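Chain by chain, the residues:
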4 protein chains.
Amino acid sequence: MIVVMRAEATPDQVDHVKNLITDMGLTPHPIVGTDLTVVAVIGDDRKKDGSVLETAAGVDRVLKVLKPYKMSARSEHHMQTTPVRLGQGDGCVFGGTNVSVIAGPCSVESREQILESARAARAAGAHALRGGAFKPRTNPYSFQGLGEEGLEYLAEAREETGLPIVTEVVAETDIELVDRYTDCIQIGTRNAQNFRLLEAIGKSTQTPVLFKRGMWMTLDEYLQAAEYLLAHGNPNVILCERGIRTFEKFSRNTLSLAAVAELKDRTHLPVVSDPSHGTGVARLVPAMCRASIAAGADGLALEMHPDPEHALTDGAQSINPAALSELMPQLARIADAVGRGMLLPEAASV
Amino acid sequence: MIVVMRAEATPDQVDHVKNLITDMGLTPHPIVGTDLTVVAVIGDDRKKDGSVLETAAGVDRVLKVLKPYKMSARSEHHMQTTPVRLGQGDGCVFGGTNVSVIAGPCSVESREQILESARAARAAGAHALRGGAFKPRTNPYSFQGLGEEGLEYLAEAREETGLPIVTEVVAETDIELVDRYTDCIQIGTRNAQNFRLLEAIGKSTQTPVLFKRGMWMTLDEYLQAAEYLLAHGNPNVILCERGIRTFEKFSRNTLSLAAVAELKDRTHLPVVSDPSHGTGVARLVPAMCRASIAAGADGLALEMHPDPEHALTDGAQSINPAALSELMPQLARIADAVGRGMLLPEAASV
Amino acid sequence: MIVVMRAEATPDQVDHVKNLITDMGLTPHPIVGTDLTVVAVIGDDRKKDGSVLETAAGVDRVLKVLKPYKMSARSEHHMQTTPVRLGQGDGCVFGGTNVSVIAGPCSVESREQILESARAARAAGAHALRGGAFKPRTNPYSFQGLGEEGLEYLAEAREETGLPIVTEVVAETDIELVDRYTDCIQIGTRNAQNFRLLEAIGKSTQTPVLFKRGMWMTLDEYLQAAEYLLAHGNPNVILCERGIRTFEKFSRNTLSLAAVAELKDRTHLPVVSDPSHGTGVARLVPAMCRASIAAGADGLALEMHPDPEHALTDGAQSINPAALSELMPQLARIADAVGRGMLLPEAASV
Amino acid sequence: MIVVMRAEATPDQVDHVKNLITDMGLTPHPIVGTDLTVVAVIGDDRKKDGSVLETAAGVDRVLKVLKPYKMSARSEHHMQTTPVRLGQGDGCVFGGTNVSVIAGPCSVESREQILESARAARAAGAHALRGGAFKPRTNPYSFQGLGEEGLEYLAEAREETGLPIVTEVVAETDIELVDRYTDCIQIGTRNAQNFRLLEAIGKSTQTPVLFKRGMWMTLDEYLQAAEYLLAHGNPNVILCERGIRTFEKFSRNTLSLAAVAELKDRTHLPVVSDPSHGTGVARLVPAMCRASIAAGADGLALEMHPDPEHALTDGAQSINPAALSELMPQLARIADAVGRGMLLPEAASV
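Residues numbered from 1 in each chain as written. Chains lettered and ligands numbered in written order. Predicted model: local features only at pLDDT ≥ 70, side-chain atom pairs only at ≥ 80, totals over all residues. Heavy atoms only, no water.

Quick look at the overall build of chain A
Move 1: Across its full length, chain A carries ten helices and 14 strands.
Move 2: Seen through its C-alpha atoms, chain A measures out along the principal axes to roughly 75 × 45 × 40 Å.
Move 3: Going through the 350 residues of chain A one by one, you find that 67% of them count as buried.
Move 4: Summarising the internal contacts of chain A: among those between residues at least 6 apart in sequence, 67% fall at separations of at least 24.
Move 5: As presented, chain A carries roughly 11,200 Å² of accessible surface, and 48% of it is formed by carbon and sulfur atoms.
Move 6: Across chain A, the 34 positively charged side chains and the 44 negatively charged ones have centroids separated by 2 Å. (Helix = DSSP H or I, 4+ residues; strand = E, 2+ residues; numbered from the N terminus. Buried < 20%, exposed > 50% of the residue type's maximum accessible area, 1.4 Å probe, protein only. Contact = heavy atoms within 4.5 Å. Areas by Shrake-Rupley, 256 points an atom, 1.4 Å probe, with all protein chains shown as cover. Lys, Arg positive; Asp, Glu negative; His and termini not counted. Charge placed at Lys NZ, Arg CZ, Asp CG, Glu CD.)

So, the pattern of salt bridges
Move 1: Tallying each qualifying case throughout the model produces 107 salt bridges over all chains.
Move 2: Here D:Arg213 makes a salt bridge to B:Glu248, at a shortest N to O gap of 2.8 Å. With D:Arg213 in the loop between strand 11 (209-212) and helix 6 (219-231) and B:Glu248 in the loop between strand 12 (237-241) and helix 7 (257-266), this pair bridges two chains.
Move 3: Look at D:Arg213 and you get buried, because its relative accessible area is 0%.
Move 4: A relative accessible area of 5% places B:Glu248 in the buried class.
Move 5: The salt bridge partner of C:Glu8 is C:Arg6, with a shortest N-O separation of 3.6 Å.
Move 6: Taking the relative accessible area as the measure of exposure, C:Glu8 reaches 39% and is therefore partly exposed.
Move 7: Residues participating in the shared-partner salt-bridge network are A:Arg6, A:Glu8, B:Arg283, D:Asp220, D:Glu262, D:Asp265 and D:Arg266. (Salt bridge = Lys/Arg side-chain N within 4 Å of Asp/Glu carboxyl O.)

Brief notes about the side chain of C:Asp298
Residues and elements named next belong to chain C.
Move 1: Within the secondary structure, Asp298 is located in the loop between helix 9 (285-294) and strand 14 (299-303).
Move 2: Residue Asp298 is classed as buried on the basis of its relative accessible area, which comes to 1%.
Move 3: Within polar-contact distance, the side chain of Asp298 engages the side chain of Arg340 at 2.6 Å.
Move 4: Excluding anything up to four places from it in sequence, Asp298 contacts Phe94, Gly95, Asn98, Val99, Ser100, Lys264, Pro270, Val271, Val272 and Arg340. (Polar contact = N/O pair within 3.5 Å; in protein donor to acceptor, adjacent residues only side chain to side chain.)

Remarks on the relation of the copies chain A and chain B
Move 1: Superposing chain A onto chain B takes a rotation of 180 degrees combined with a translation of 0.0 Å along the rotation axis, leaving an RMSD of 0.0 Å. On this basis, the relationship between the two copies can be described by a two-fold rotation axis. For chain A, the residue whose C-alpha comes nearest the rotation axis is A:Trp216, separated from it by 2.8 Å.
Move 2: Looking at chain A, 100% of its interface residues are interface residues in chain B too, so the copies touch through the same face. (Least-squares fit on C-alpha atoms with pLDDT ≥ 70 in both.)

Describing the relation of the copies chain A and chain C
Note on the chain copies: they are related by a rotation about an axis and a translation along it.
Move 1: For these two chains of identical sequence, chain A goes onto chain C by a turn of 180 degrees and a shift of 0.0 Å along the axis, with RMSD 0.0 Å.
Move 2: A share of 100% of interface residues in chain A that are also interface residues in chain C marks the association as one of identical surfaces.

A word on the sheet that holds strand 3 (residues 37-42) of chain D
Residues and elements named next belong to chain D.
Move 1: The strand order across the open sheet formed by four strands is 2-3-1-4, and the pairing between neighbours is antiparallel. With one partner strand each, in any of the chains shown, strand 2 (27-32) and strand 4 (59-63) form the two edges of the open sheet. On average, each strand axis in the sheet is inclined to that of its neighbour by 20 degrees, with strand direction left out of account.
Move 2: Inspection of the sheet shows strand 1 (residues 2-5) paired to strand 4 by four bridges, in the antiparallel sense. Among the inter-strand pairings, Val4 is bridged to a residue of strand 4, identified as Arg61. (Pairing = 2+ DSSP bridges. Axes fitted to C-alpha atoms, helices over the stretch in contact; angles between N-to-C directions.)

Section: the nonpolar core
Among soluble globular proteins, nonpolar side chains are generally buried collectively.
Move 1: A:Phe211, B:Phe211, C:Phe211 and D:Phe211 are the most contacted members of the largest nonpolar core, which has 403 residues in total.
Move 2: Apart from residues lying up to four places away in sequence, D:Phe211 is in contact with D:Ile187, D:Ala192, D:Leu198, D:Tyr222, D:Ala225, D:Ala226, D:Leu229, D:Val237, D:Ile238, D:Leu239 and D:Cys240. (Core = buried A, V, L, I, M, F, W, Y, C linked by side-chain atoms within 4.5 Å.)

Overview of unusual backbone geometry
Residues and elements named next belong to chain A.
Move 1: Within the chain, Asp314 stands out as a residue other than glycine whose phi angle is a positive 60 degrees.
Move 2: By the element assignment, Asp314 lies in the loop between strand 14 (299-303) and helix 10 (321-337).
Move 3: Residue Asp314 is classed as partly exposed on the basis of its relative accessible area, which comes to 22%.

A closer look at the environment of D:Arg46
Move 1: Locating D:Arg46 in the fold gives a position in the loop between strand 3 and strand 4.
Move 2: Separated by 27 residues in sequence, D:Arg46 and D:Asn19 have C-alpha atoms that sit 19 Å apart.
Move 3: Ignoring any residue separated from it by four or fewer positions in sequence, one finds D:Arg46 in contact with A:Asp35, D:Leu66, D:Lys67, D:Pro68 and D:Lys70.
Move 4: Separated by 3.0 Å, the side chains of D:Arg46 and A:Asp35 make a polar contact.

Observations concerning the interface of chain A and chain B
Move 1: Taken together, the contact pairs 57 residues of chain A with 57 residues of chain B.
Move 2: Buried surface at the junction of chain A and chain B, both sides included, amounts to about 4,600 Å², of which 49% is carbon and sulfur.
Move 3: Of all residues in chain A, the largest losses of buried area upon contact with chain B belong to A:Tyr141, A:Trp216 and A:Glu309, amounting jointly to 15% of the total for that side.
Move 4: Applying the counting criterion to the chain A and chain B interface returns six salt bridges.
Move 5: A salt bridge links A:Asp174 to B:Arg196; the nearest nitrogen and oxygen atoms lie 2.9 Å apart.
Move 6: Listing elements by their share of the side of chain A that touches chain B, those giving two or more residues are helix 1 (11-23), helix 5 (195-204) and helix 6 (219-231) of chain A.
Move 7: Per element, the largest residue contribution to the side of chain A that touches chain B is six residues, and it comes from helix 6 of chain A.
Move 8: Taken together, the residues that form the side of chain A that touches chain B break down as 24 nonpolar, 16 polar and 17 charged. (Buried area = accessible area lost by both parts, 1.4 Å probe. Nonpolar A, V, L, I, M, F, W, Y, C, P; charged D, E, K, R; others polar.)

Some words on the state of the cysteines
Move 1: With the rule as written, the count across this model stands at zero disulfides over all chains.
Move 2: In this structure A:Cys184 is not part of a disulfide, and its nearest cysteine sulfur, from A:Cys92, lies 8.1 Å away. (Disulfide = S-S within 2.5 Å.)

Structural notes on the sheet that holds strand 2 (residues 27-32) of chain A
Residues and elements named next belong to chain A.
Move 1: Read across the open sheet, the four strands follow the order 2-3-1-4; overall the sheet is antiparallel. Of all strands in the sheet, those bounded by a partner on one side alone are strand 2 and strand 4 (59-63). Between one strand and the next, the sheet's axes are offset by a mean angle of 20 degrees, whatever the strand orientation.
Move 2: As defined by bridge partners, strand 1 (residues 2-5) adjoins strand 3 (residues 37-42) across three bridges and the pair is classed as antiparallel. Following the sheet pairing, Ile2 is matched in strand 3 by Ala40.
Move 3: Of the strands in this sheet, strand 1, strand 2, strand 3 and strand 4 are in contact with helix 1, which crosses strand 3 at around 10 degrees.

A look at the packing of aromatic side chains
Move 1: Counted under the stated rule, the structure contains ten aromatic pairs over all chains.
Move 2: Aromatic pair C:Trp216 and D:Trp216: ring centres 3.7 Å apart, planes at 15 degrees, arrangement stacked. Linking C:Trp216 in the loop between strand 11 (209-212) and helix 6 (219-231) with D:Trp216 in the loop between strand 11 and helix 6, this pair reaches from one chain into another. Summarising the burial analysis for this pair, C:Trp216 and D:Trp216 share the class buried. (Phe/Tyr/Trp six-rings, centres within 6.5 Å; stacked < 30°, edge-to-face > 60°.)

Some words on the packing of helix 2 (residues 111-124) of chain A against helix 10 of chain A
Residue and element names in this part refer to chain A.
Move 1: Here helix 2 crosses helix 10 at 20 degrees, and the two axes come no closer than 9 Å. Here helix 2 lies roughly parallel to helix 10, going by the angle between them. Seen along the crossing, helix 2 lies across helix 10 with a hand that is right-handed. Between helix 2 and helix 10, the contacting residues are Ala120, Ala121 and Ala124 on the first element and Pro321, Leu324, Ser325 and Met328 on the second.
Move 2: Looking at the contact of helix 2 with helix 10, its residues break down into six nonpolar, one polar and no charged. (Parallel < 35°, antiparallel > 145°, perpendicular 65-115°, else oblique. Left-handed = near helix turned anticlockwise from the far one by under 90°.)

Description of the confidence of the model for chain A
When pLDDT drops low, the exact placement of atoms in the prediction is not to be read closely.
Move 1: Mean pLDDT for chain A: 95, with 99% of residues reaching 70 or above.
Move 2: Scored by ipTM, the complex comes to 0.95, with pTM at 0.96. (pLDDT = per-residue confidence, 0-100.)

What to know about the interface of chain A and chain C
Move 1: Taken together, the 36 residues of chain A in the interface contact 36 residues of chain C.
Move 2: Of the roughly 2,700 Å² buried between chain A and chain C on both sides combined, carbon and sulfur atoms contribute 69%.
Move 3: For the chain A face of the interface with chain C, the top three residues by lost area are A:Phe247, A:Phe250 and A:Ala337, together amounting to 22%.
Move 4: Where chain A packs against chain C, one counts six salt bridges.
Move 5: In this structure, C:Arg283 engages A:Asp265 in a salt bridge whose closest nitrogen and oxygen atoms are separated by 3.2 Å.
Move 6: Where chain A meets chain C, there are eight residue pairs in polar contact (both at pLDDT 80 or more).
Move 7: Those elements giving two or more residues to the side of chain A that touches chain C turn out to be helix 7 (257-266), helix 9 (285-295) and helix 10 of chain A.
Move 8: Considering every element that reaches the side of chain A that touches chain C, the biggest residue donor is helix 7 of chain A, with seven residues.

Now the structure itself:
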């Protein structure tokens, strides 16, 4: 880190800062400029809270230099993207040459609804099925999901279609249960800094994790949160940009596709995009799916419902099966244009 | 809610929307304007996801009209602020005539540190002591708190000074343990939509809760989250504005004092302000404490550390005991200027 | 508009609101719901400041229903995108089947620099040349542009390469001068609500305008600002998403590609994207160019400098000629994948 | 500035960066850390666009160290706040011991309306009268102000009440006209980076300027914009926090009172707060006025209209004369509590 002194800082104040740095087990290296002095800090300061130096007299501010995450960093030691495979076989892989698509309703509402969704996803050429059995709902009086019953319906849908399934965990106490059923554990945006949940998932399973960015998190914060999963033992982490909170009013969130490109540069973990939550508007989803693949995403997680007008949750941002079927071949063409590929069944690719 | 049709919507599309509304058990009431048609919806639509109507053909958007929270709402049935008392006696009450101040370090670092903090808080005239034993840390390699050992030190500090204590819970599995020690359970910003944690706290205890706003949450979302606590059985909820994420760079968050004033209008729950997290800069904390009381806050939660330069966590935003001692009488004068009061020991009020 | 009354509003308060609406020359239509009353307003309220009703006793809030812009709206009367042509011929058109690319340095720095830029842009297959002669600079001591000398160099570059030129106007008093030289007048983000400048450009010329979105503006505000140009007489307006202010730190702005898709839905004006300002990071520009075309943009405005490391302005976000040459054929392939095309010279398209 | 190299940067890349720095006339000072190398730059780099170094191979990012503004900086050479006086006498000074209040309607709507406003402001104890004659309106079809006629009414109001007047300039060509009438020129938020307007005002007059922060501007950008006024010759600049764009929905903007406190630390210019635009909600204005004074503001600019329900512009955020009369003595008490004062006529101070 670099400690920037105020222009009027005294030599004694600089000395005091040097002592504080030495106390941390680090080495201060002062540089006297024309206008002010900065003190560079030599050593690994990642585990130190260097910002305390901002309270020392004469200090203007502290600039961080080292990246605060290690295991997820793309570096000379780890240049290649780490592919993460969902289910058996190669039908759904994130971070390889091909891009993959997870589609399905926000919630499992009934056996019929999720089976119908699975068939539609399969027919359109999607590579995995999503559906929530435990739902984190903004309003306490809203539908909260079917629980284990929903997991059973998801398993049945996998059985019938062969699609691996993705479903959310919202509490430490549910991990074992959900993990028994699912091919991929989703961590939602509201739990993105629920560190105890991250730690527990990291420790208890190696099942792939679809880890959504908190809608308030900087990329540094996001990658540090992912580090909880990695450091506690689960290396199969898929990152997911799902929109951030901004002043925009036409969309529920602002999908930041530059974040996808930046994450691809910073980390070896695969990165997907979720245009459904990223916009909150079904009408905008197909264009944002296309843009995500063009931006370099390793895949998509999107909401598709057989009957959005009657969905119990998130209908406003769910596309219908016909829209998905129209979209998939477009995505394949864009994947091709950016040097990637996409597996499509014969019928869907026409 | 109000469904706004597109200008070019056809009569059939309006009829379809009316049918969808009827299907929800609600009554549509179309109004034909000069430019377009809107369909007002009669009935309690709070538990319906009306936004699904946005996917119907011819619909422009859906406007919500009813407040999505009930138990926390200030209304003709509940006009008075609900006072919440910490510990025994009347030394620390939020939501009454007097304003109260919670002060203390971010983390319990050692027995000596928290005892020293408690004495300093007491001497300055603070009304409760804060200190974290379980810390949600952005970085997995940072100090994560002393756990139960920290709770014991807090209890000892209460014993010595008489100050009630406030400490954070970060996981469902810790609630019982923490509740055995503390006078007030803090829920941190990162868990503000950890609905399972909220539900569990609501169900298992009536100990007062200091519930911080998520740094990304609108007030509607915040009050719905508080509703989880209330609806599951804990009525002793203190709200806390602690800064939101914006483009500002000089501060870690943007403290929204208008949110304090607006919350005081919307809810009967007491509302406090946390200028330490709200700015992230110790130098700005005293001015924001003064402004918070002037804005109508029922009190403050702030970080004070006996030696900020050596704090293990959040030193950059912690004021020292001398600054707190200087601040408290100023706050008392401002409380007085806005028609409130503040209990101050003889010595502190000079 | 819809006036939402508070739940506790009295019949007298509703009557008062009805009277205020009648005073505005509009017709009130009250609807009594189960929880509260709303008053729908019949008539064209676009020119009324309906928000004054929020100060009336018993009013909770006022919801706008009508779109506040007219001439730019895509509607049943104006479904087709309005193509805007730069220069003579069909080499550079925005809003037709083909997408077009404007490339060039932030500033005209010298005759050599802009000629070299123009040749590189031409060789790579770009369709227009940008370069600023009058620069709005954040810092008053920074390079402010070459003024008319810069315009002359731009004209010379056009002469040599045949590329139409795009350059910025920052003051009413420069319009005539700039208009004498340029094929397209750029209005920068900081002047996006400089209404007098917009009005003056609208009145004095029909030269195409590249009108950048203010980095703080909602789409409603942006389209109303465009309306100043249209209503005062210039129909040749190209909109441009260039990034908004958010909490993100890795990029200077957050490029909102959903805004491109939404604008394409709302307005018949062509919409382009500026990934250079939209990210501020040259490394991210190619991916965001690809994503923009995939999102449905009618073209791009990007910064390319022959020697970014020595650029006087905005070097950090400028790609070099080699990067542009690599990018253009990729864009052509993506344009093709989304049903558009892009004119590329034989050499560039390999 | 400090150039942070990537961990994998080669010695050649570091050398190249050193050469680029030397080319700028500055001195590179490399520091080899345990994980990576940083290159500190010695010399005044304020006029250089150091960010170009981010395009050099091996560079991670460039951190600015020097403050980008000089004349407005509070420093050892200029510790005292510069008081700015409106009109003759000491009735309205910003930046001295006393705080002052500017009140009045958004727009001058008629002779009667502004005279009535002035009398109400005077009676309540306000120190200056505001009112717009040239209005920057979001919508081109809205009321745009009375122009010179409005200025004449303002002058008449001053004549009658003795209150100095504050009114906005929106175009370079109006400066001379407005300056002939007004005691203080307002520059609105939308023109905060209209550098040509700032430059022209700086050059042509020494009349005090009430310079509102752009709703998208960081404090560094804001102080650089103020520097345009100072550097071109007008030292009488009053800064004004008026709210920024954030995700909040209950208010039109988010008033950042920490920005007031931070500005007071960084600059010797007086700083006032505008809670009317800062919230957009009349109901919240009094609390935010109180909070602003408690936060250390040198005064207020607020909207008061004799009949908000019939205001032509900004009625929703205008308080009425009774509310102002109630507010002023409260502000005086808070000013007193923070060691300031406020001039109040006998009648108003009761």
